[in-house]
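What the coordinates show
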Amino acid sequence: MKKKARVFILALLAIVGLTLFAIALTRANVGLSGPHTTRASSASLDKPLEAAIEFKLREARLATVKDAIELSLRMTGARLHFGLGHPTRLSFGADEREANCIEYAHLFARIFDMAAARSKLHARAYVVHSARAEVFEKVVPLPGLRDHDWVVIEDDTPGEKKQWFVDPAFEDAWLGWDLTHNVKGDVKGAR
């Protein structure tokens, strides 16, 4: 009995390890090509959601842009789960709902901008639409996966001026949020 349990656990660990390896390999081979178009978030929040976000932001002690990114990712992930079986809506309520990359990007950018303003951070988020999304240099031939929306944060912190490439949909799918090595071409925030 113990031997069967041990074999089962080892097999399970091997499956989990191979799955994580496949995800990491795939994630490393995602490419986002331009043209990249940017715009401010168009997300609208209902009153209960806006109040809940404001409450969390009052509690938070955000000292850096990275702190604001991480809090905004958690708050976005708590409200959304990925799916493509619905029409895109940029109005958000307090209840969790299905969202595509467009909705993830707009909600994240709105929350980030609220966090940055409250914490007096010198940064602004913009939704980016990349015209071409590839995996292993091939466009995925499925509607909703040929292009991709994500967020660029223009960080104007004195002495730190930089761009952060953030994907809240990837983060929610455990693929990591940092797109620094996945974006091909220039991305300009709408300063």
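Residues numbered from 1 in each chain as written. Predicted model: local features only at pLDDT ≥ 70, side-chain atom pairs only at ≥ 80, totals over all residues. Heavy atoms only, no water.

When you go through the protein chain residue by residue, the secondary structure sums to five helices and 10 strands. Considering the protein chain as a whole, with its 191 residues, one finds that 38% of them fall into the buried category. Surface exposure of the protein chain reaches about 11,100 Å², of which carbon and sulfur atoms provide 60%. (Helix = DSSP H or I, 4+ residues; strand = E, 2+ residues; numbered from the N terminus. Buried < 20%, exposed > 50% of the residue type's maximum accessible area, 1.4 Å probe, protein only. Areas by Shrake-Rupley, 256 points an atom, 1.4 Å probe, with all protein chains shown as cover.)

Attention shifts here to the nonpolar core. Among soluble globular proteins, nonpolar side chains are generally buried collectively. Ile53, Ile69, Phe108, Phe112, Ile153 and Val166 are the most contacted members of the largest nonpolar core, which has 36 residues in total. Listing elements by their share of this core, those giving two or more residues are helix H2 (47-59), helix H3 (65-79), helix H4 (101-118), strand S6 (123-135), strand S8 (148-155) and strand S9 (162-166). The greatest single-element share of this core, amounting to 11 residues, is contributed by H4. When residues no more than four places from it in sequence are discounted, the contact partners of Phe108 are Ile69, Ser72, Leu73, Thr76, Val151, Ile153, Val166 and Pro168. In this structure, Leu32, Trp150, Val183 and Val187 belong to the second largest nonpolar core, which totals 10 residues. (Core = buried A, V, L, I, M, F, W, Y, C linked by side-chain atoms within 4.5 Å. Contact = heavy atoms within 4.5 Å.)

Glancing now at the environment of Lys161. As for its placement among the helices and strands, Lys161 is situated in the loop between S8 and S9. We classify Lys161 as exposed; its relative accessible area is 60%. C-alpha separation for the pair Lys161 and His122, spaced 39 residues apart in sequence, amounts to 9.3 Å.

Among the eight residues that make up S8, eight are buried, leaving the element largely enclosed by the rest of the structure. Burial along S8 is two-sided: the residues His148, Trp150, Val152 and Glu154 and Asp149, Val151, Ile153 and Asp155 are all buried. Strand direction decides the pairing type here: S8 and S9, joined by five bridges, are antiparallel. Residue Val151 lies in a different strand from S9, and its bridge partner there is Val166. From the end of S8 to the start of S9, which pair antiparallel, there are six residues, and Gly159 there has a positive phi angle of about 80°. (Pairing = 2+ DSSP bridges.)

Moving on, we come to the packing of H3 against H4. At a closest axis distance of 9 Å, the pairing of H3 and H4 adopts a crossing angle of 135°. Relative to H4, H3 is oriented oblique. The chirality of how H3 crosses H4 is right-handed. Contacts between H3 and H4 involve Val65, Ala68, Ile69, Ser72, Leu73, Met75, Thr76 and Arg79 on the former and, on the latter, Tyr104, Leu107, Phe108, Ile111, Phe112 and Ala115. (Axes fitted to C-alpha atoms, helices over the stretch in contact; angles between N-to-C directions. Parallel < 35°, antiparallel > 145°, perpendicular 65-115°, else oblique. Left-handed = near helix turned anticlockwise from the far one by under 90°.)

Another point: the pattern of salt bridges. Two side chains carrying opposite charge are able to pair once their charged atoms lie near each other. Counted according to the given criterion, the structure contains four salt bridges. Of the charged contacts, one joins Arg97 and Glu103 as a salt bridge, the two residues approaching to 3.0 Å between their closest N and O atoms. Of the residues examined, Arg97 reaches a relative accessible area of 11% and is grouped as buried. Its relative accessible area of 0% is what places Glu103 among the buried residues. With a shortest N-O distance of 3.9 Å, Asp156 and Lys161 are connected by a salt bridge. (Salt bridge = Lys/Arg side-chain N within 4 Å of Asp/Glu carboxyl O.)

Considering all chains together, one arrives at four aromatic pairs under this definition. Aromatic side chains Phe108 and Phe112 sit 6.3 Å apart centroid to centroid with 25° between the ring planes, which places their arrangement in the stacked category. Taken together, the residues span about one helical turn, with Phe108 and Phe112 both in helix H4 at a distance of four residues. Assigned by exposure class, Phe108 and Phe112 land together as buried. Arranged with centres 5.2 Å apart and planes meeting at 65°, the rings of Trp150 and Phe165 form a pair that is edge-to-face. Separated by 15 residues along the polypeptide, Trp150 in strand S8 and Phe165 in strand S9 bring together distant segments of the chain. (Phe/Tyr/Trp six-rings, centres within 6.5 Å; stacked < 30°, edge-to-face > 60°.)

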